[in-house]
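The residues making up each chain are set out below.
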Amino acid sequence: MRRGSGVAEQSVIVERVEDTDKEKKKKRRSNRRSKHNSVTEARGESSDSLKSEVKTKGLTSSMSCSSSKQQGLELEMALNEQSPDRASDVAFSSMPTMHINEQAGSGCVDSGVDGGTFPQSCPEPIPYAGSSKMCMDGFLSSHQVEGFARKKLFDPYWPVEAVNEALEKGEAFKALFRVNAHNRLEAYCKVDGVPTDVLINGVTSQNRAVEGDIVVIKVDPLGLWTKMKGPNGSSNNSAQVEACNSVQEDNGVSSNSYKGKGKVDADCEYDDCRSGVLLEKGYDETEVTRTAAYDVVNGHHQSSSDSSYMDLFSGQIERLNSVERLAAMTSQFPLKRPTGRVVALVEKSLQRDAIVGFLNIKQWFSHRVLHRKNAKKISATFDHDYVTLTPVDPRFPKMIVFVRELPDCIKKRLEDRDLAIEMELLAAQIEDWSAESPFPRARVSHSFGRGGELEPQMNAILYQNAIHCTDFPPQVLSCLPNIPWDIPPEEYQTRRDLRGLCIFTIDSSTASDLDDALSVEKLSKDSFRVGVHIADVSYFVLSNTALDIEARVRSTSVYMMQRKIQMLPSLLSKQLGSLNPGVDRLAFSMFWELNSMGDVLDRWIGRTVLRSCCKLSYKHAQDIIKEITDVEKFSSLEGYPQLHGQFEWTDVIESVKCLYEISKTLKEKRLNDGALQLESSKVVYLVDEDGVPYDSMLSERMDSNFLVEEFMLLANMTAAEVISKAFPDSALLRRHPEPNLRKLKEFEAFCHKHGLALDTSSSSQFRQSLEKIREKLKDDSFLFDILMCYASKPMQLANYFCSSELKDRLNDWGHYGLAVPIYTHFTSPLRRYPDIVVHRTLAAVIEAEELYLKHRGLLKSNKGKEVSRRCFTGIYFDKEAAASTEGKEALSSAALKHGIPSPEVLADVAACCNKRKLASRHAEDACEKLYMWVLLKKKEILLSDARVLGLGARFMSVYIQKLAIERRIYYDEVEGLTVEWLESTSTLVLNLSGQKRLFNRGGLGNYMALGNVAWVLNPYDLSLETGSIDDSDAPCMKNSEVPFPDLEPTSKSWIDPGTFPLTVRLLSTIPVALYAIGGDDGPLEIGVRLYMSSYLK
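If you're wondering where the values come from, they're calculated on a predicted model, not measured in any experiment. (Residues numbered from 1 in each chain as written. Predicted model: local features only at pLDDT ≥ 70, side-chain atom pairs only at ≥ 80, totals over all residues. Heavy atoms only, no water.)

### Looking at the overall build of the protein
Looking only at helices and strands, the protein features 30 helices and 38 strands. Counting over 1097 residues, the protein shows a buried share of 60%. In the protein, of all internal contacts separated by at least 6 residues, the share reaching a separation of at least 24 is 73%. Approximately 44400 Å² of the protein is accessible, and the part contributed by carbon and sulfur atoms is 50%. (Helix = DSSP H or I, 4+ residues; strand = E, 2+ residues; numbered from the N terminus. Buried < 20%, exposed > 50% of the residue type's maximum accessible area, 1.4 Å probe, protein only. Contact = heavy atoms within 4.5 Å. Areas by Shrake-Rupley, 256 points an atom, 1.4 Å probe, with all protein chains shown as cover.)

### Focus on the sheet that holds strand E10 (residues 340-347)
Spatial ordering of the open sheet is given by E6-E5-E4-E7-E10, a layout of 5 strands whose pairing is antiparallel. Where the open sheet ends on each side, the last strands, each with one partner, are strand E6 (198-201) and E10. The average undirected angle you get between the axes of adjacent strands in this sheet is 40 degrees. Bridge analysis of strand E7 (residues 214-219) against E10 gives 6 bridges, and the strand direction is antiparallel. (Pairing = 2+ DSSP bridges. Axes fitted to C-alpha atoms, helices over the stretch in contact; angles between N-to-C directions.)

### Digging into the pairing of strand E5 (residues 186-190)
A regular strand places its side chains so that they alternate between the two faces of the sheet. Of all the 5 residues making up E5, 5 are buried; the element is thus mostly covered by neighbouring parts of the structure. Along E5, one buried face is formed by Glu-186, Tyr-188 and Lys-190 and the opposite face, lined by Ala-187 and Cys-189, is buried too. Bridging between strand E4 (residues 173-179) and E5 involves 4 bridges; their strand directions are antiparallel. If you follow Arg-178 over to E5, its bridge partner there is Tyr-188.

### Side note on the environment of Glu-966
Relative to the assigned elements, Glu-966 resides in strand E31 (residues 965-970). Residue Glu-966 is classed as buried on the basis of its relative accessible area, which comes to 3%. A C-alpha to C-alpha distance of 9.8 Å links Glu-966 and Ile-1086, two positions 120 residues apart in sequence. Engagement of the side chain of Glu-966 in a polar contact is seen with the side chain of Ser-957, the distance being 2.3 Å. (Polar contact = N/O pair within 3.5 Å; in protein donor to acceptor, adjacent residues only side chain to side chain.)

### A few points about the packing of aromatic side chains
Considering all chains together, one arrives at 14 aromatic pairs under this definition. Summarising the aromatic geometry, the rings of Phe-154 and Trp-433 are spaced 5.8 Å apart at their centres and angled 85 degrees between planes, so their arrangement reads as edge-to-face. One end of the pair, Phe-154, is in the loop between helix H4 (142-148) and helix H5 (160-168); the other, Trp-433, is in the loop between strand E14 (424-432) and strand E15 (441-450), with 279 residues separating them in the sequence. Side by side, Phe-154 and Trp-433 carry an identical accessibility label, which is buried. (Phe/Tyr/Trp six-rings, centres within 6.5 Å; stacked < 30°, edge-to-face > 60°.)

### Description of the pairing of strand E22 (residues 584-595)
In terms of residue burial, E22 counts as a mostly covered element, since 10 of its 12 residues are buried. In terms of strand pairing, strand E19 (residues 527-535) meets E22 through 9 bridges, oriented antiparallel. Looking across to E22, one finds that His-533 is bridged to Ser-589. Between E22 and the antiparallel strand that follows it, strand E23 (residues 600-611), lie 4 residues; Gly-598 among them carries a positive phi value of about 85 degrees.

### Observations concerning the side chain of Gln-622
Checked against the element boundaries, Gln-622 lands in helix H19 (residues 618-625). A relative accessible area of 11% means that Gln-622 is categorised as buried. A distance of 3.0 Å separates the side chain of Gln-622 from the backbone nitrogen of Ser-704, its partner in a polar contact. Excluding residues that lie within four positions of it along the chain, Gln-622 makes contacts with Met-702, Asp-703 and Ser-704.

### Thoughts on the pattern of salt bridges
The final tally for this structure, using the stated rule, is 47 salt bridges. One salt bridge connects Glu-661 with Lys-664, and the closest N-O pair in it is separated by 3.4 Å. Taken together, the residues Glu-661 and Lys-664, both in helix H21 (residues 649-672) and 3 residues apart, mark about one turn of the helix. A salt bridge links Lys-807 to Asp-729, with the shortest nitrogen-to-oxygen separation between them at 3.0 Å. Of the two residues, Lys-807 sits in the loop between strand E28 (799-802) and helix H26 (833-855) while Asp-729 sits in the loop between helix H22 (703-726) and strand E27 (732-735), which places them 78 residues apart along the sequence. Here Asp-729 falls in the partly exposed class, since its relative accessible area comes to 27%. Among the charged side chains, a salt-bridge network with shared partners connects Arg-178, Glu-211, Asp-393 and Arg-395. (Salt bridge = Lys/Arg side-chain N within 4 Å of Asp/Glu carboxyl O.)

### A short note on the sheet that holds strand E36 (residues 1062-1065)
Adjacent strands of a sheet pair through backbone hydrogen bonds, lying either parallel or antiparallel. Spatial strand order, E32-E33-E36: 3 strands in an open sheet with antiparallel pairing. With partners counted over all chains shown, the strands left at the sheet margins are strand E32 (977-982) and E36, one partner each. Strand-to-strand twist of the sheet, defined as the mean angle between neighbouring strand axes without regard to direction, takes the value 20 degrees. Sheet topology places E32 next to strand E33 (residues 987-992); 6 bridges connect them, and they run antiparallel. Note that in E33 the partner of Trp-981 across the bridge is Leu-988.

### Description of H19
The element H19 is largely enclosed, with a buried count of 7 among its 8 residues. When H19 is considered as a whole, its buried residues turn out to be Tyr-618, His-620, Ala-621, Gln-622, Asp-623, Ile-624 and Ile-625. Count one or two residues on from H19 and you reach Glu-627, which has phi positive near 60 degrees.

### Considering the environment of Gly-531
Assignment of secondary structure puts Gly-531 in strand E19. The spacing of Gly-531 and Met-590 is 59 residues in sequence and 5.6 Å in space, taken between C-alpha atoms. With sequence-adjacent residues up to four places away left out, Gly-531 is seen in contact with Ala-517, Leu-518, Ser-519, Met-590 and Phe-591.

### Side note on the nonpolar core
Core analysis: the largest hydrophobic core is formed by 82 residues, its most contacted members being Phe-766, Leu-787, Leu-951, Met-956, Leu-990, Ile-1070 and Leu-1074. Excluding residues within four positions of it along the chain, Phe-766 makes contact with Leu-676, Leu-744, Phe-747, Leu-758, Asp-759, Thr-760, Ala-791, Met-795 and Tyr-816. If you look at the next biggest cluster of nonpolar residues, it comprises 69 residues, including Ala-621, Ile-653, Leu-659 and Ala-881. (Core = buried A, V, L, I, M, F, W, Y, C linked by side-chain atoms within 4.5 Å.)

### As for the packing of helix H14 (residues 454-464) against helix H29 (residues 903-939)
Remark: H14 packs on H29, axes separated minimally by 10 Å, with the N-to-C direction vectors making an angle of 165 degrees. The orientation of H14 with respect to H29, classified from their angle, is roughly antiparallel. Considering the relative orientation of H14 and H29, their crossing is right-handed. On the side of H14, the interface is formed by Leu-454, Gln-457, Met-458 and Ile-461, while H29 contributes Ala-923, Ala-926, Cys-927, Leu-930, Tyr-931 and Val-934. Per-class residue counts for the contact of H14 with H29 are 9 nonpolar, 1 polar and no charged. (Parallel < 35°, antiparallel > 145°, perpendicular 65-115°, else oblique. Left-handed = near helix turned anticlockwise from the far one by under 90°. Nonpolar A, V, L, I, M, F, W, Y, C, P; charged D, E, K, R; others polar.)

### Concerning H21
With 24 residues, H21 should cover 34 Å at 1.5 Å per step; its first-to-last C-alpha distance of 35 Å lies within 8% of that length. Count one or two residues on from H21 and you reach Gly-674, which has phi positive near 115 degrees. (Expected span 1.5 Å × (residues − 1).)

### Topic: unusual backbone geometry
The linkage connecting Ile-483 with the following residue, Pro-484, adopts the cis geometry, with an omega of 0 degrees. Within the fold, Pro-484 resides in the loop between helix H15 (474-477) and helix H16 (489-494). Positive phi, close to 65 degrees, is recorded for Asn-544, a residue that is not glycine. Relative to the helices and strands, Asn-544 is located in the loop between E19 and helix H17 (546-554). Judged by its relative accessible area of 57%, Asn-544 is exposed. Its identity as a non-glycine residue notwithstanding, Glu-627 has a phi of 60 degrees, on the positive side. One can find Glu-627 in the loop between H19 and helix H20 (631-636).

### Concerning the packing of H22 against H26
A packed helix pair is summarised by two numbers, namely the angle formed by the two axes and the spacing between the axes. Interhelical geometry of H22 versus H26 gives an angle of 60 degrees and a closest axis separation of 10 Å. Between H22 and H26, the interaxial angle falls into the category oblique. Of the two elements, H22 crosses H26, and the hand of that crossing is left-handed. Contact with H22, carried on its side by Ala-719, Val-722, Ile-723 and Ala-726, involves Val-838, Thr-841, Leu-842 and Val-845 of H26 and no other residues of that element. Considering only residue class, the contact of H22 with H26 consists of 7 nonpolar, 1 polar and no charged.

### A look at the confidence of the model for the protein
Overall, the predicted model of the protein reaches an average pLDDT of 77, with 71% of residues at or above 70. Ignoring residues within four places in sequence, the model shows residues 96-139, a span with pLDDT below 50, making 164 contacts including any to other chains. (pLDDT = per-residue confidence, 0-100.)

In structure tokens, the structure reads:
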């Protein structure tokens, strides 16, 4: 073995060419067999590509693990060959991936050990050499766990020194580990600067990494890269069509990257370091020739038999660094996806400490019953026994929990044989995952309650996302002023007094934290002065106080339907800081003088005192815009806001109308500059007095929403411009990277295929194309909604950053969606911590400006409110003033006074805010899915039309507009159903069959019952007001032992069932029945089946 990298021999696995050749042959044999024997991934069955002897051992051998090397190899084969990308090469036609308002999950039905079926999001039966049952049984005896310790199942992690050396030389990638929610055996690592993610396929390659870990990966040579799945690849057949394309957006990490060099400390805590490619030191040129692959990443040359083109390409590649080499390779071979494996764990994911799942105890009870005669043995082994825990998040593996480590209350219930424990959601943490164990070891801390109830599920969501929901501690509350509180007199003297200006808020009717207010003054026929006034929260939240630290930790308020987790205490967010009507409040104000074209002629920025005259809801403002409501109605009708101060309703109404006209001009100008507008309908849930949803409706944004949005965008862009110029190294900004080019091209290709012209060359062309498509599909709003949702999927996440981090990469500062070169957040300081930081920075700029002008004798004395020339905050920034000695001293002094963080600290603040923003988004999405589940659980069944987005021989992917979600329907290996897939025309024909088949072709379980795929009613039953599933269908779903109850006439009246034979094509509309899965017996899922009628029923 070569040792040029300094990596210890025992820490590196050298791939032999013979193994590569065998793997290729095995894949080809697997692909040929799978065309005849594809097994439904939804039922969690292993691929037919597994050899029969491996299957037999996985199902019939004893559960103790052999320590022999041969069995170890068989185990690794079994683990790796479970991956569905080896399962089937059946063609699948689909749109690019979309998972809307949900994390990706299959919502499929798994085959149980007892021959029944039960719902499971991501089944993972893993047969072990020498096991009598699949480990999904949930139980192995204590001596079997000890048996695993006899040999290592995973490669050891590389030593710290070796990793440091590889990272410094650019020979390794440090990346974020993300798992495909459809298939846990597939994971992806995003490498900054490389357009295609690296696939980490199989348990062995993943090497004990879990979702959210930061790992070091080693990239395989080109010959081992896999075919790209999806519209651009030839293997676009299986469930991974969606998974490969969507794992980043679904998990919300597309834009994450890790930059900067750093050494590894002794405890494996890394600083962020530059990504690089780990060279394959074990490969020599003869081996590369035998694999017929050019290892561009590693820089090896091909043999003389290779083409002259590759020789030329290799010469170009060698001049690039490792990241550029890999990026060039992925661009040169767009149909191949790079693969790799985890060689070191850098930083453990915080999600390891926030596992939520269900215990599997029935097998444990059975084991104790078998040995109940030997009471001494049971007593002696009780502390060594364990049960398994199944996480509700399908991206995490099953876990071992030792009984002795369970909380006493749960242990006591186990001793009392309380089976209800299995229906409770439990909180757990991953303690360890050794190289000798097939599963991680977890420790259960407490129970949330029954999984089928709303409150335990809500608390579990908060726990999973580490959201602080406890009350604010006394030291935090002590930072707030005592009540009653009045604005100090000195603030009236140093701030501009706006209490004589007609200022009002426009927000949701239920909003209690009013961040922003608006005003407008007509200066002349063609010019206006528009004011945006933001609550001056930084006046109360002083830097590095207990209140500031608490707000920084929380970073954002979290909105979970009827529940709100506040970033700041209510005294501040709802009273002292909120711009409530009729009371004096401190604010940060921006004024712009605008002409009729929307051009900014002048501006003023400063701290103010104001008094809002009224609180308008979006509905009130919309009524004014549409002239639905006149002055008399506002003054007399109940439910309209109260007017405060000397203003009349005519003042407010005229101001709203004027602001609306100006906002239209600003919006048109912004869109013409290339800004995108990817708007789609949103599901709104109607709740009863107890907060339980009973119905839903689709809601679209109104003109009044866009009115407020335009001025908030203008304020944010202005703040970003000012602070970045005054403090170029210490500005907290927000960037939105360009979309994933490959996914964008896939979406473009799909649109062209269906006669829809789409140009994605720039954001401006993209927007114009979508507008033309909107006009073309004006009679098919359903399809346009789908396209708009898909158009947003290639978009990466926006994120906060410190300006010094990208000082040499100014082109990366831009916001793609808004088409602006610089942007930040300024307008919501009551619910976003970055806005508070920006407020402090802006306050420092204003004070530095006053100090500088006072020193130069240019400050006019008018209560300190007006200057003759605004050198730092005006529309023209005075670079000479900022670079002068006086300017530098003024900026430095002001920064120190207002607590502007250093670039290093600010970068940490940005990273923390990004993490908490992402966690907040995940929690809000999970809460929306929970409400959807509760609604379906209450309705029992919901009929709807669905649009077919993806189609193949095994499953179809459908979009349900009513709930704005995408789901899959699996139909292969179904009893009583024939499937005809016409690949040439991408057409599917489903029909009923009288043929009885007891076992599927793979021999691993029974056929699915027809009721799992379709709810089939006799046409005579359609005339009845009620309907139910036939008893023979009821056992098909574990949570549906009780037949469906009466259908709601409103649901049934406009949805007609389909009939057999059912012919389906891409974008066809089909009737479906939606229902709730899980709760007390597993993770929450939204199930979907075809809604059909037949006299053969």
